[in-house]
Amino acid sequence: MTEIPAIIGLAEWLRTPVGRYLLTWEQQYLDRAVVDLFGFHALQLGLAELDALRANRMPHRWVAIDAVHRVAPNPDAAPAPTAVALHCDFDALPFDGQSLDLVVLPHSLELARDPHLALHEVERVLRPEGRVVIVGFNPASLWGLRQRLGHMRRRLGLGGQGALFLPSAGEFIGYRRLRDWLRLLSFEVEAGRFGCYRPPVGSDKWLARFEWTERAGDRWWPVFGAVYSLTAVKRVRGMRLVGLVRDQRMKAKAAPAVVAHHHNGLNHHLDKEPS
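This structure is a prediction, so every number in the text was calculated from the model and none was measured.

### Comments concerning the overall build of the chain
When helices and strands are counted, the chain shows nine helices and nine strands. For the chain, with 275 residues in total, the buried portion stands at 43%. Accessible surface, the chain: about 15,800 Å² in total, of which carbon and sulfur atoms supply 56%.

### Remarks on the layout of surface pockets
Considered as a void within the structure, the second largest pocket measures approximately 150 Å³ in volume. Taken together, Y21, T24, W25, Q28, R32, R193, Y197, R198, E214 and D218 make up the full set of residues lining the second largest pocket. Among the elements that make up the lining of the second largest pocket, the one with the highest residue count is helix α2 (residues 17–34) (five residues). The class makeup of the residues in the lining of the second largest pocket is three nonpolar, two polar and five charged.

### Things to note about the sheet that holds strand β7 (residues 227–234)
With respect to topology, seven strands assemble into an open sheet ordered β3-β2-β1-β4-β5-β7-β6, the strand pairing being mixed. Looking at strand neighbours, the two that pair on one side only are β3 (86–88) and β6 (187–195), the edges of this open sheet. Direction aside, the axes of adjacent strands within the sheet are offset by 20 degrees on average. Relative to β3, strand β2 (residues 60–66) runs parallel, the two being bridged by three bridges. Along β3, the bridge assignment pairs A64 with L86.

### Concerning unusual backbone geometry
Phi at H107 is positive, roughly 65 degrees, even though this residue is not glycine. Relative to the elements of secondary structure, H107 occurs in the loop between β4 (100–106) and α3 (108–111). Positive phi values are uncommon outside glycine, yet C196 reaches one of about 60 degrees. The residue C196 is located in the loop between β6 and α7 (204–209) in this model.

### Here we look at the confidence of the model for the chain
Averaged over every residue, the pLDDT of the chain is 80; the share at 70 or more is 75%. Note that residues 1–7 has pLDDT below 50 and, in this model, 19 contacts with residues that lie over four places away or in other chains. Per-residue pLDDT stays below 50 along residues 265–272; that stretch engages in 19 contacts with residues further than four places along the chain or on separate chains.

### Regarding a nonpolar patch on the surface
A cluster of nonpolar side chains, W212, W220, W221, V223 and F224, forms an exposed patch at the surface whose accessible area comes to about 580 Å². A relative accessible area of 45% means that V223 is categorised as partly exposed.

### Examining the nonpolar core
Among the nonpolar cores identified, the biggest contains 34 residues, and W13, L22, L30, L102, V104, F137 and W143 are the most heavily contacted of them. Of all the secondary-structure elements, those providing two or more residues to this core are α1 (10–13), α2, β4 and β5 (126–137). Here this core gets nine residues from one element, more than from any other, and that element is α2. Each residue touching L30, except ones within four places of it in the same chain, is listed here: L50, A52, V104, V133 and V135.

### Some details on the pattern of salt bridges
The tally for this structure, following the rule as stated, stands at 15 salt bridges. Measuring nitrogen to oxygen at the nearest pair gives 3.4 Å for the salt bridge that ties D101 to R127. Residue D101 is located in strand β4, and its partner R127 is located in strand β5; the two are separated by 26 residues in the primary sequence. You can call D101 buried: its relative accessible area is 14%. The residue E188 makes a salt bridge to R235 at a minimum N-O spacing of 3.0 Å.

Parameters and conventions
Each chain carries its own residue numbering, running from 1 in the written order of its sequence. Totals for whole chains, interfaces and linings use all residues, but because this is a predicted model, local features are given only for residues with pLDDT of at least 70 and pairs of side-chain atoms are given and counted only at 80 or more. Neither water nor hydrogens contribute to the side-chain values; these are computed over all heavy atoms in the structure. For helices the rule is a DSSP run of H or I covering at least 4 residues; for strands it is a run of E covering at least 2, with both sets numbered from the N terminus onward. Exposure classes here rest on a 1.4 Å probe applied to the protein chains alone. A residue is buried below 20% of its type maximum, exposed above 50%, and partly exposed in between. A 1.4 Å probe and the Shrake-Rupley method give the accessible areas. Residues count as covered only by the protein chains that appear here. As defined here, a cavity is a set of points on a 1 Å grid over the protein atoms alone where a 1.4 Å probe fits but cannot get out. A pocket is an open set with protein on both sides within 12 Å along at least five of seven lines, and residues line them when an atom is within 4 Å of a point. Grid points are joined across faces, edges and corners, and a volume is the space filled by probe spheres set on the points. Under the grouping applied here, Gly and all other residues not named as nonpolar or charged are polar, the nonpolar ones being Ala, Val, Leu, Ile, Met, Phe, Trp, Tyr, Cys and Pro and the charged ones Asp, Glu, Lys and Arg. At least two DSSP bridges between two strands are required for those strands to pair. To obtain each axis, a line is fitted to C-alpha atoms, and for helices this fit is confined to the stretch in contact; angles are then taken between N-to-C directions over 0 to 180 degrees. Every residue gets a pLDDT, meaning the predictor's confidence in that residue, from 0 to 100. Here, two residues are considered to be in contact whenever any of their heavy atoms come within 4.5 Å of each other. Here, patches come from residues exposed beyond 30% relative accessible area and free of salt bridges, joined within 9 Å for like charges and within 5 Å for nonpolar side chains (Val, Leu, Ile, Met, Phe, Trp, Tyr). For salt bridges, the criterion is a side-chain nitrogen of Lys or Arg within 4 Å of an Asp or Glu carboxyl oxygen. Put simply, buried Ala, Val, Leu, Ile, Met, Phe, Trp, Tyr and Cys residues joined by side-chain atoms within 4.5 Å make one nonpolar core.

Right, dumping it as structure tokens:
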């Protein structure tokens, strides 16, 4: 099996055979995930190599790149499929509160300077009932295990940058951990999916040989896919009356009740205050 060469960051890693395999799966998945999400304003945060909003039909769509990880363009690299509209900090988005209907984060939290703050910013700019779609590497996978072993080899001095299988930048966030973060921000998870079940090999030849693991993994060990995706909706709970407003409503007088007395065929109506 071919060893992955020294990797600097995600952009360089995506140009390897396994990186192209990952992009293909994520593009196909995101096309299905966003096609039926409606609204007016959608934002993709990070990873311009992926056109996460191409299947979405919202009239206003933007791609933003984190200013912290902005690098000089590589003249030998293929052009990104999406034009970058913004360079900004993911933990300080230049959008008004409750102004977006959809935000897609393909591996953005893993590279964010502060993933908690970045996710809180996403919650701030989303409208009530707006959606967020997050894609990330799964630490509990064969790829994640290979990456941990690579870090151990580096700490022991047994390998340099080439000991790592996945990009060296960023910190991977587990699936269940991310679900907990979303719940704390009043998001409701609507859908979750795992993918990329082929083992951590580095050549097109070996990736093709393990094509059968896609069907088997999706059926027999779905939570061990190399990547995962979550779709969550922002919920805003109903308001409750408290304090003086509630007391005043409780003290308000009820309307007078009408009591009818029948006497000699005549109806006598008397107003009576409720007891």
